Amino acid sequence: MTVGAPRRVVIVGASAAGLTAAETLRREGFDGSLTLVGEERHLPYDRPPLSKQILTGAWPAERVQLRRTTDLDALGLDMRLGVRATALSPAARTVTLADGTELAYDGLLIATGVRPRRLPECDVAGVHVLRDLRDALALRARLAAGGRLVVVGAGFLGAEVAAAARTLGTAVTLVEPASVPLAHAVGRQVGSYLAQVHRENGVDLRTGTTAAGIETAAGRVTGVRLDSGTVVPADDVLVAVGSRPNTAWLQGSGLRTTDGVECDMYSAAAPGVYAAGDVARWFNPLFGTSMRVEHRTNAAEQGMAAARNLLRPEQPRPYAPIPYFWSDQYGIRIQAFGNLRGHDEAQVLDGDPADGRFLVAYRAGRTLTGALAVGMPPRELRRWRNAIAAKSVWQEAVTDRTGPPRPAAVAQGSGPG
């Protein structure tokens, strides 16, 4: 242990980032008091399977638990589950819980994640969001009963739920305000490809339209009213229109919380206070910008990095990852490295979307900033990861035969949609 290191650490948030931080602290030699606070009563569990294996029933609920009970016991945690944090006082170095308990700390790690955005007038039976295990099990029970599902929002979450529901034979309508789903994030080529995949699998995809309201009868949803006035009949509705960082409990703490807990390159938000995972907005020196990443891999990696810096603040290490995410839809694996949002150009450099096997590279300014692959071997994408890490000049990256492959079929570039 480093001289002056914290003796009492509180981690608020008991999902992937919080649990990984706790494990890292113990692995790095921290033998002091370690408290893990979680709003849900469940032991820490994995969230990506909720929209896939849990929703389809391929996995039992207990399979998403991140660690065995014996592994958790070995960490020597003071686990406070089923209670949420309501206030933070950095001056007093205390966290207040909903039951009135005050937890004193020398080091604090915030990993409270996000909560789903909701539509107005949606507090009726049959309208769902999908964030936690309870949400997934409730929606799974409804899908098993058959009926018609309307998914509002064709981002990755909405698309995964639509794919899972179609796998079960559910009639699905997917409503998306953009003309091409996900174009703002991954470009028009990938968005158009995914739109076609959903239509080929029987999804009624309505683009360029928004959900204007929910139709109900006897306290239960009966349909979704679009801005055109058309009503799409529904037995159930999933609202998947994005999320908000869980920072309301930090009001009055003095921490900056514009779109997440604002941190420096070391994931530090204030002296002795760090943040990790979906709730953290930190400066990534590799890309020279602040970012907030809602992906499972980042939650674990930042949990480890923040824990190390909390333990040894006199020797901090910048957290400069290359973000990675994946999505599974209809048995298709989509994988990406880098910072795809805000790109100036996206080009298909290998394969062809018409064949369901292709790779897209992304440029911001003169620099390669991201790569996305569909149906490609992982080794192909890893080659591009190395080029992103090296901050490769775009023209050199797409033409250098010794690095990433030369363009095979170059489509017209697209900016953010």
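Residues numbered from 1 in each chain as written. Predicted model: local features only at pLDDT ≥ 70, side-chain atom pairs only at ≥ 80, totals over all residues. Heavy atoms only, no water.

(A) How the structure looks around the nonpolar core. Among the nonpolar cores identified, the biggest contains 45 residues, and Leu88, Val95, Leu108 and Ile110 are the most heavily contacted of them. Here this core takes four residues from helix 9 (residues 378–389), the largest share from any one element. The residues contacting Ile110, other than those within four sequence positions of it, are Val12, Leu88, Trp249, Leu250, Leu255, Val261, Val273, Tyr274, Ala275, Ala276 and Val279. Counting residues in hydrophobic clusters, the runner-up holds 26 residues, among them Val9, Ala21, Leu34 and Leu36. (Core = buried A, V, L, I, M, F, W, Y, C linked by side-chain atoms within 4.5 Å. Buried < 20%, exposed > 50% of the residue type's maximum accessible area, 1.4 Å probe, protein only. Helix = DSSP H or I, 4+ residues; strand = E, 2+ residues; numbered from the N terminus. Contact = heavy atoms within 4.5 Å.)

(B) Expanded view of the packing of aromatic side chains. Applying the stated criterion to the full structure yields five aromatic pairs. The structure contains a cluster of three or more aromatic residues connected by ring pairs, namely Tyr324, Trp326 and Phe337. (Phe/Tyr/Trp six-rings, centres within 6.5 Å; stacked < 30°, edge-to-face > 60°.)

(C) Examining helix 4 (residues 133–144) more closely. Between its first and last C-alpha, helix 4 extends 16 Å over 12 residues, near the 16 Å set by a 1.5 Å rise per residue. Considered for burial, the residues of helix 4 that qualify are Leu133, Asp135, Ala136, Leu139 and Leu143. Along helix 4, the residues classed as buried sweep out an arc of 150° about the axis, all on the same side. Seen from the buried face of helix 4, the exposed residues on the opposite side, beyond 90 degrees, are Arg134, Ala141 and Ala144. (Expected span 1.5 Å × (residues − 1). Arc of directions from axis to C-beta.)

(D) Broad picture of the sheet that holds strand 14 (residues 220–226). With antiparallel pairing, three strands are arranged side by side in an open sheet as 13-14-15. Both outer strands of the open sheet, strand 13 (211–217) and strand 15 (231–233), are each paired with one neighbouring strand and no more. Ignoring strand direction, the axes of neighbouring strands in this sheet form an average angle of 30°. Summarising the sheet, strand 13 and strand 14 pair through six bridges and their orientation is antiparallel. (Pairing = 2+ DSSP bridges. Axes fitted to C-alpha atoms, helices over the stretch in contact; angles between N-to-C directions.)

(E) Representation of the pattern of salt bridges. Under the defined criterion, the tally for this structure stands at 23 salt bridges. The partner of Asp236 in a salt bridge is Arg142, and the shortest N-O contact between them spans 2.9 Å. One end of the pair, Asp236, is in strand 16 (residues 236–239); the other, Arg142, is in helix 4, with 94 residues separating them in the sequence. The exposure class of Arg142 is partly exposed, given its relative accessible area of 28%. Note that Glu380 and Arg383 form a salt bridge whose closest N and O atoms lie 3.6 Å from each other. On the criterion of helical spacing, the pair formed by Glu380 and Arg383 is a turn pair, its members being three residues apart in helix 9. By relative accessible area, Arg383 is classed as partly exposed at 34%. (Salt bridge = Lys/Arg side-chain N within 4 Å of Asp/Glu carboxyl O.)

(F) Representation of the sheet that holds strand 21 (residues 280–284) in the model. Strand order across the open sheet formed by three strands is 18-21-22, with mixed pairing between neighbours. Pairing within the sheet leaves two strands with one partner each, and these edge strands are strand 18 (261–263) and strand 22 (289–291). The sheet shows a mean angle of 25° between the axes of neighbouring strands, direction not considered. Summarising the sheet, strand 18 and strand 21 pair through three bridges and their orientation is parallel. Counted as the bridge partner of Val261 is Ala280 from strand 21.

(G) Region of interest: the side chain of Glu160. Among the secondary structure elements, Glu160 is positioned in helix 5 (residues 156–167). With near-sequence residues (within four places) excluded, Glu160 lies in contact with Ser51, Lys52, Trp326, Ser327, Asp328 and Gln329.

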